[in-house]
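Descriptive analysis of the structure
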Amino acid sequence: MADELFRELDKTLSASQWDLIGRKRRAGCVVPLFSVFSSSSIGTGDYADLKRIIDWAQLCGLSIIQLLPMNDVGSAFCPYDSSSSYALEPMYIVIPELAHAKDKPIKVKIDELKEAYPAGKEFVDYGVKHAKLILLREMCRRETTFDAPKFQHFRQDNSYWLQDYALFKVLKEYHEGRPWYEWEEKYKNRDPQALEVFRKYHDEEIMFQMWVQWQLSKQFKDVKEYAASKNILLKGDLPILVSRDSADVWTHPYYFKLEYAAGAPPDMYCAKGQRWGMPTYNWDRIAADNFRYLKERLKCASNYYDSIRIDHVVGLFRIWSIPYDDPHENQGLNGFFDPRDEALWKEHGSTILSFLVNHTTMLLCAEDLGVIPAACTKTLQEQGIPGNDVQRWVKDWGYRHDFLPPEEYRFLSVAMLSTHDTTSWSGWWESEAGTIDEALFIRRAAGRFDASFMKDRLFDKTVSCHGRLRWHSYIDSVDALAYVLGKKKEEIADFIDMYLNSYQEKDKFWKRVGLTGPVREKADAEILAAAFKLTLDAKAVFSIHLITDWLALGDILKNDPYSYRINTPGTVDPKNWSLVMPISLEDLSSHPVCALIKKMVIASGRVEV
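Keep in mind that what you see is a predicted model, and the values were worked out from it rather than measured. (Residues numbered from 1 in each chain as written. Predicted model: local features only at pLDDT ≥ 70, side-chain atom pairs only at ≥ 80, totals over all residues. Heavy atoms only, no water.)

Here we take up the overall build of the protein. Within the protein, the regular secondary structure consists of 25 helices and 18 strands. Judged by the C-alpha coordinates and their principal axes, the protein covers about 75 × 55 × 50 Å. The 609 residues of the protein split such that 57% are buried. For the protein, the proportion of contacts with a sequence separation of at least 24, taken over those separated by at least 6, is 74%. Only carbon and sulfur atoms are counted for the fraction: they give 52% of the accessible area of the protein, which is about 25,700 Å². Each charge class in the protein can be summarised by its mean position, and for the 77 positive and 87 negative side chains these summaries are 2 Å apart. (Helix = DSSP H or I, 4+ residues; strand = E, 2+ residues; numbered from the N terminus. Buried < 20%, exposed > 50% of the residue type's maximum accessible area, 1.4 Å probe, protein only. Contact = heavy atoms within 4.5 Å. Areas by Shrake-Rupley, 256 points an atom, 1.4 Å probe, with all protein chains shown as cover. Lys, Arg positive; Asp, Glu negative; His and termini not counted. Charge placed at Lys NZ, Arg CZ, Asp CG, Glu CD.)

If you walk through the whole model with that rule in mind, you get 49 aromatic pairs. Measuring from ring centre to ring centre gives 4.0 Å for F77 and Y126, while their planes differ by 10 degrees; the resulting arrangement is stacked. Placement of the pair is F77 in the loop between β2 (64–66) and α4 (104–116) and Y126 in the loop between α4 and α5 (127–141), with a sequence separation of 49 residues. Owing to a relative accessible area of 14%, Y126 belongs among the buried residues under this scheme. Members of the aromatic cluster, joined through ring pairs, are Y86, Y160, W161, Y165, Y254, Y255, F256, Y281, W283 and Y293. Stacked on the ring of F151, the Lys or Arg R155 has its end atom at 5.7 Å from the ring centre. The ring of W250 carries R190 above its face, with NZ or CZ at 4.3 Å from the centroid. (Phe/Tyr/Trp six-rings, centres within 6.5 Å; stacked < 30°, edge-to-face > 60°. Lys NZ or Arg CZ within 6 Å of the ring centre and 35° of its normal.)

Taken as a whole and judged by the stated rule, the model has 44 salt bridges. One salt bridge in this structure joins E296 and R292, with 3.3 Å as the shortest N-O distance. Taken together, the positions of E296 and R292, both in helix α13 (residues 292–301) and 4 residues apart, correspond to about one turn of that helix. Here R292 falls in the partly exposed class, since its relative accessible area comes to 38%. Three or more residues joined by partner-sharing salt bridges are found here, namely D72, E89, K129 and K169. (Salt bridge = Lys/Arg side-chain N within 4 Å of Asp/Glu carboxyl O.)

Our focus in this paragraph is the sheet that holds strand β5 (residues 260–264). The strand order across the open sheet built from 4 strands is β6-β5-β9-β10, with neighbouring strands paired in antiparallel fashion. The strands lining the two open edges of the sheet, one partner per strand, are β6 (274–275) and β10 (336–338). (Pairing = 2+ DSSP bridges.)

Let's shift gears to the sheet that holds strand β15 (residues 413–416). One open sheet accounts for 8 strands, arranged β11-β8-β3-β2-β1-β18-β15-β12; its pairing is parallel. Every interior strand has two partners, whereas the edge strands, β11 (363–366) and β12 (387–390), have only one. In this sheet, adjacent strand axes meet at a mean angle of 30 degrees when their direction is disregarded. Pairing of β2 with strand β3 (residues 233–238) involves 3 bridges; the strand directions are parallel. What sits directly across from I65, in β3, is L234. Packing against the sheet, helix α22 (residues 525–536) makes contact with β1 (26–30), β15 and β18 (542–546), and its axis sits at approximately 145 degrees to β18. (Axes fitted to C-alpha atoms, helices over the stretch in contact; angles between N-to-C directions.)

Residues of helix α20 (residues 493–500) that are buried include every one of F495, I496, M498 and Y499, and no others. The arc that holds every buried residue of α20, seen down its axis, measures 160 degrees, which confines them to one face. Packed against the buried residues of α20 are β16 (435–437), α17 (438–445) and α19 (478–485). (Arc of directions from axis to C-beta.)

Tracing the chain through its elements places S38 in the loop between β1 and α3 (47–60). S38 gets classed as buried once you look at its relative accessible area, which sits at 4%. Separated by 3.2 Å, the side chains of S38 and R52 make a polar contact. (Polar contact = N/O pair within 3.5 Å; in protein donor to acceptor, adjacent residues only side chain to side chain.)

This paragraph deals with the state of the cysteines. The full count for this structure, using the stated rule, is 0 disulfides. The cysteine C29 is free of any disulfide, with C60 supplying the nearest cysteine sulfur at 8.3 Å. C376 forms no disulfide, and the closest cysteine sulfur to it belongs to C365, at a distance of 13 Å. (Disulfide = S-S within 2.5 Å.)

Moving on, we get to helix α21 (residues 505–512). When α21 is considered as a whole, its buried residues turn out to be E505, K506, F509 and W510. Viewed along the axis of α21, the buried residues span an arc of 135 degrees, placing them on a single side of the element. In this fold, the buried residues of α21 make contact with β13 (395–396), β14 (402–403), α16 (425–431), β16, β17 (468–470) and α22. Within two residues after α21, G514 carries a phi angle of roughly 80 degrees, on the positive side.

Bringing the side chain of E296 into the picture now. A residue is classified by how much of its surface remains accessible, and E296, at 13% relative accessible area, is buried. What E296 contacts, discounting residues up to four positions off in sequence, is Y86 and Y160.

Where α3 meets helix α10 (residues 203–229), the closest approach of the two axes is 10 Å, and the angle between their N-to-C directions is 10 degrees. As judged from the angle between their axes, α3 and α10 are roughly parallel. For the pair α3 and α10, contact is made by Y47, L50, K51, I54 and D55 and by L216, Q219, F220, D222, V223, Y226 and A227, respectively. Partitioning the contact of α3 with α10 into residue classes produces 8 nonpolar, 1 polar and 3 charged. (Parallel < 35°, antiparallel > 145°, perpendicular 65-115°, else oblique. Nonpolar A, V, L, I, M, F, W, Y, C, P; charged D, E, K, R; others polar.)

Below, the structure is given as structure tokens:
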């Protein structure tokens with residue numbers, strides 16, 4: 001069956017990309033680089049640690065390492081809200097590997113930096129980025145290779161974005177960190193004469209920014225070569241959106257619809273939807289330039305990755321657009337889909353995706369979660385692009401209201417337990433399984449019944465937490481739900497749908513994975529192993545899981561499982577994008593969990609033995 005499915009890929013647009021990476025089922029790990037550390041780390045994980053992760057993956061029988069976006073991030077340190085679609089994040093540089101690192105004054109400062117920003121704390125101290133840049137400036141002043149052919153080649157090869165990015169960074173510092181749309185008019189609107197004068201007087205700082213990117217690029221390319229030597233694929237992440245306050249938008253404002261903010265419509269997990277804030281694209285203008293903006297992004301990414309995940313791929317078909325001046329407290333409530341005409345969605349998304357496939361050797365994968373129009377699903381299938389199947393949502397939502405068995409997963413998919421935007425699997429099991437979102441319940445109740453009164457009648461507060469509501473056991477049928485609400489069934493179709501897909505969800509999962517005995521509330525090792533087995537055995541071509549879920553197998557994560565999450569969408573919180581694993585990479589490599597992972601991966605047929 002697998003051979004037949006792989007042969008079907010010959011009919012797709014991505015056939016040559018599949019040939020390059022190899023047509024076989026694989027397992028992997030999603031690793032936010034800021035979440036790992038070693039004894040040599042300074043404040044956070046770096047490219048040297050990425051090599052250690054590659055070694056660990058090989059030890060565990062994993063053949064894909066998936067990273068979050070590695071681009072230069074802004075003040076919120078969100079990798080999906082970057083300052084550039086091209087430039088790399090300086091925080092991940094391996095300072096001791098640079099020229100002059102062994103010079104006595106520099107070595108002393110490296111040791112001081114390591115002492116000031118010890119790695120392995122519960123959360124990343126992002127002050128390390130600024131501290132590293134201060135030291136990098138001093139090292140750059142000692143540099144004598146600015147005229148070296150390799151540096152000149154790097155500048156020429158990246159001329160589309162590098163000079164503008166470096167100028168943007170220096171201008172931003174000149175304006176004390178303010179966003180570009182609050183700069184002096186001549187700089188905000190890119191007056192050529194003013195920019196030329198500025199370049200002349202700030203040449204040293206501009207050269208520094210380019211030098212840092214050169215060093216980062218060399219180190220990342222070296223990591224890719226190392227991964228290839230170990231037969232490990234590196235999978236990157238291509239956000240389709242970029243920060244409003246970015247070099248991209250400042251350089252090419254005509255490519256964006258600055259009057260809108262991108263987001264997502266309300267759903268059962270976010271009652272008001274989401275407002276991300278990034279501007280949406282003016283695709284007509286990008287297309288008129290023969291999609292060069294996208295072509296250059298692909299060229300840049302291909303230096304570092306074998307495969308790339310397209311974040312929020314449905315946004316290429318239609319994007320939820322919120323008027324920029326709409327009050328922030330409304331989140332995504334007042335948005336609309338652009339294009340507005342649904343009949344245009346298929347051609348719109350298919351045109352962009354086919355361009356991407358035809359202009360890269362990387363295998364494209366797609367994040368296609370949420371409410372996805374049929375046009376998107378069909379296009380991914382036609383073009384041979386795997387989507388995402390997150391176990392907790394891989395259900396027959398409209399008929400059985402139950403989890404799908406392994407053989408009913410999509411072949412062209414990446415099966416996973418969790419994502420960087422969800423709770424860990426253990427956190428889901430203990431706090432979310434069998435629940436509905438409290439804010440969504442309150443919003444849907446408005447004008448129909450007293451939400452506060454009904455909440456106590458419908459939900460068991462003793463097992464409800466973190467804004468999630470668990471049904472009382474006596475609400476054991478749709479009839480019982482209608483009776484308690486005092487409504488006719490046709491009046492509460494939305495509540496019936498929520499009920500059918502959440503009531504006794506744990507019992508359904510328990511039965512699906514073949515566990516025996518009474519359902520347990522705590523996510524112990526047996527339950528988690530059963531969850532892994534379901535996705536590893538799935539028909540999906542890839543099974544890639546967050547490092548938090550893999551490590552939970554080894555009882556490494558001791559705190560409340562709900563706390564082990566990378567990001568909580570729709571929130572601004574210092575804990576977002578800063579979680580660190582409570583074990584060093586050296587200790588992880590010798591931990592018994594490695595043998596357990598390898599045993600499970602071998603049993604699933606996702607590694608050659």
